[in-house]
Amino acid sequence: MSHKQKRILAVISAFSLYFGLMPTASAMHIMEGYLPVGFCIAWGVVCLPFLAAGFMSIKKVLDENRKALILLAMSGAFIFVISSLKIPSVTGSCSHMTGTGLGAILFGPAAVSILGLIVLLFQAILLAHGGLTTIGANTFSMAIAGPLVSFGIYKLCSKCKVNKYVSVFLAACLGDLFTYCVTAVQLALSHHADTTIMGALGKFMLVFAPTQVPLAVIEGIITCMIIMALETYAKPELRSIGFMKEGR
Amino acid sequence: MITIDKLCYNSKLRYVNAGEKFAFAVITLLLCVMSRSIAVACIVLAVTGILTVYRGGIPFFRYIHFMSVPLAFLILSTLAIMFNLSHTPLDLFAIPVGTWYITSSWESFFYAVQLILTALASVSCLYFLSFNTPMPDIMNVLGKMHCPKLLVELMMLIYRFIFVLLSVSSAITQSQHSRLGNKDYKTSLKSFGAMASVLLLRSFKRANVLYDAMESRCYDGTLHVLNENYPPSRKHIWAIIIFDTLLLLFIIGKGIFL
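The present account deals with the structure reproduced in this document.

Cut-offs and rules
- Residues numbered from 1 in each chain as written.
- Chains lettered and ligands numbered in written order.
- Predicted model: local features only at pLDDT ≥ 70, side-chain atom pairs only at ≥ 80, totals over all residues.
- Heavy atoms only, no water.
- Contact = heavy atoms within 4.5 Å.
- Buried area = accessible area lost by both parts, 1.4 Å probe.
- Salt bridge = Lys/Arg side-chain N within 4 Å of Asp/Glu carboxyl O.
- Core = buried A, V, L, I, M, F, W, Y, C linked by side-chain atoms within 4.5 Å.
- Buried < 20%, exposed > 50% of the residue type's maximum accessible area, 1.4 Å probe, protein only.
- Domains from an automatic or database assignment.
- Disulfide = S-S within 2.5 Å.
- Pairing = 2+ DSSP bridges.
- Helix = DSSP H or I, 4+ residues; strand = E, 2+ residues; numbered from the N terminus.
- Axes fitted to C-alpha atoms, helices over the stretch in contact; angles between N-to-C directions.
- Phe/Tyr/Trp six-rings, centres within 6.5 Å; stacked < 30°, edge-to-face > 60°.

Chain B puts 77 residues into the contact, and the matching count from chain A is 77 residues. Both sides together, the interface formed by chain B and chain A hides about 7100 Å², and carbon and sulfur atoms give 82% of it. When the area that chain B buries against chain A is broken down by residue, the three leading residues are Phe73, Phe192 and Phe204 of chain B, summing to 11%. Between chain B and chain A we count zero salt bridges in total.

Moving on: the nonpolar core. Counting residues in hydrophobic clusters, the biggest one holds 145 residues, and the most contacted among them are Tyr34, Phe80, Phe122 and Phe208 of chain A together with Met135, Leu154 and Ile158 of chain B. Shared between two domains, this core takes at least three residues from each, and those domains are domain 1 (3-133 + 229-254) and domain 2 (144-216) of chain B. Beyond its immediate stretch of four places on either side in the chain, isoleucine 158 of chain B contacts Ala73, Gly76, Ala77, Leu115, Ile118 and Phe122 of chain A.

Here the focus is the state of the cysteines. Applying the stated rule across the entire model yields zero disulfides over all chains. In this model cysteine 173 of chain A remains outside any disulfide bridge; the closest cysteine sulfur is found in cysteine 224 of chain A, 11 Å from its own. Using a relative accessible area of 8% as the deciding quantity, one classes cysteine 173 of chain A as buried. Of all cysteine sulfurs, the one in cysteine 32 of chain B lies closest to cysteine 42 of chain B, which takes part in no disulfide; the gap is 9.8 Å.

Time to look at the sheet that holds strand 1 (residues 84-86) of chain B. All names here are of chain B. Taking strand neighbours across the sheet as the criterion, the three strands line up as 1-3-2 in an open arrangement whose pairing is antiparallel. Two strands lie at the open edges of the sheet, namely strand 1 and strand 2 (93-97), each paired on one side alone. Recorded for the sheet is a direction-independent mean angle of 30° between the axes of neighbouring strands. Where strand 1 lies against strand 3 (residues 100-104), three bridges are found, and the strand directions are antiparallel. Paired with leucine 85 across the strands is isoleucine 102, a residue of strand 3.

As a further point, take the pairing of strand 2 of chain B. Residue and element names in this part refer to chain B. Relative to strand 3, strand 2 is paired through five bridges, and the arrangement is antiparallel. Within the sheet, the bridge partner assigned to valine 97 lies in strand 3 and is tryptophan 100. Linking strand 2 back to strand 3 in an antiparallel pair, the connection comprises two residues, with glycine 98 at a positive phi of about 60°.

Pairing is possible between side chains of opposite charge, provided their charged atoms come close. All chains considered together, the criterion is met by two salt bridges over all chains. Where glutamate 231 of chain A meets lysine 164 of chain A, a salt bridge forms, and the shortest distance between an N and an O atom there is 3.0 Å. Here lysine 164 of chain A lies in helix 7 (residues 164-190) and glutamate 231 of chain A lies in helix 8 (residues 197-233), a separation of 67 residues in the sequence. Judged by relative accessible area, glutamate 231 of chain A falls into the buried class, the value being 9%. With a closest N to O distance of 3.6 Å, aspartate 184 of chain B and lysine 183 of chain B form a salt bridge. The class for aspartate 184 of chain B is partly exposed, based on a relative accessible area of 35%. Residue lysine 183 of chain B is classed as exposed on the basis of its relative accessible area, which comes to 60%.

Applying the stated criterion across every chain, the model contains 18 aromatic pairs over all chains. Judged by centre distance (5.7 Å) and plane angle (85°), the rings of tryptophan 106 of chain B and phenylalanine 109 of chain B are edge-to-face. One end of the pair is tryptophan 106 of chain B and the other is phenylalanine 109 of chain B, both in helix 6 (residues 106-132) and three residues apart, which spans about a single turn. When its relative accessible area of 42% is taken as the criterion, tryptophan 106 of chain B is described as partly exposed. Of the aromatic side chains, those joined through ring pairs into one cluster are Phe80 and Phe122 of chain A together with Tyr159 and Phe163 of chain B.

Take it as geometry only, folks, not as evidence of what the structure does.
Next up, the structure:
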């Protein structure tokens, strides 16, 4: 084999190794122990005001209607189950939804922040996705930043009279992409050994893009399908959680 | 359906006081993350691994399998830390690509090794907790630590509902598969969407029924659950204190000598 052939072989095997790893790629939970202590605490503190706001809003709803506790708990369990199931993906590998985009569209970002925190704790302990020390960072990217963007886009689109399904797709898809960007920023801020922060950010974005970008599109499509089916079969239920205010 | 949940109910350490296990796992985890040293990570990995596998009776291969769960994340992000794209080659190795080099330095190589070991050791701490402590016990500990009552109650309900919804979803998925619901990519996407929406519908129905049942049993806004309590043993507490103090002293000592 000539030198050039060897190099081509090396590149090809690197690629196949890379895509061979994909089957186990799940959503971007930062794993246990990956962030330095300072960053763990800092991200936790950043989350606090959002969580407090979510807590207050849940409390207010519960004071008016006790039944909402059961409904909230069901929604939390729904988000957990949706995010723990394998979704069909293009390469035949198994990947998971984040489910928080759907949650934000259905239940609003305030409730999702608290539910997301609990779901992430369960995911860390029961599924070994994420961890206890990184729960602050994960909560910020998955339960606060992503859902806020999803909800904002959804509201903006419905203000601008965009087709409902298009807006649901955009909300879920861009929310997912935003979660991925925030996670890359979190990783880059704490680990930039011999480059600048921007360089590290670029590298993290590049490495996770092949898994996360298709996943975001699939998540958008599936969320759209779920909303479509729900509107056909579950109008009263959707009205009860305030998703469909216009009584058709 | 959730393997970790099944394993922890069969663990031999299940009836040890949950507070002890929680304290051991969290303190060791913090020490491990704070020190970020290769030696500490190896010690922690060995100790928690031995405790979980030999004292807890978790099958060894299961344990290894679960240690590899976060591997994809670990490998991908470590690749991003180790490899650099620059015009000048660094000291470890350099692969020329056009006018650029994919390159790495010894410094970032050691950084990556340190990070991988720290992360694996922390995961083993987490596993010590989750393989040996059933979730209700952990929630009980959180309640005793004055976590807001609403949050603990919500967690309790969510934990219960997760299993209800999982069994519903697996039944639906199974019947979809037996009717060729995954025959091609488009169909499987459609099946997943249908399954998820029916799941939400069913869960709302369940929630209504459950609320009626609770109301008819005098539900007044608080859930009363009988907690099983196992007394803490003095031997375990001393062992935890001694181990973590030694670990701390080791970390401080290393800090002085290096």
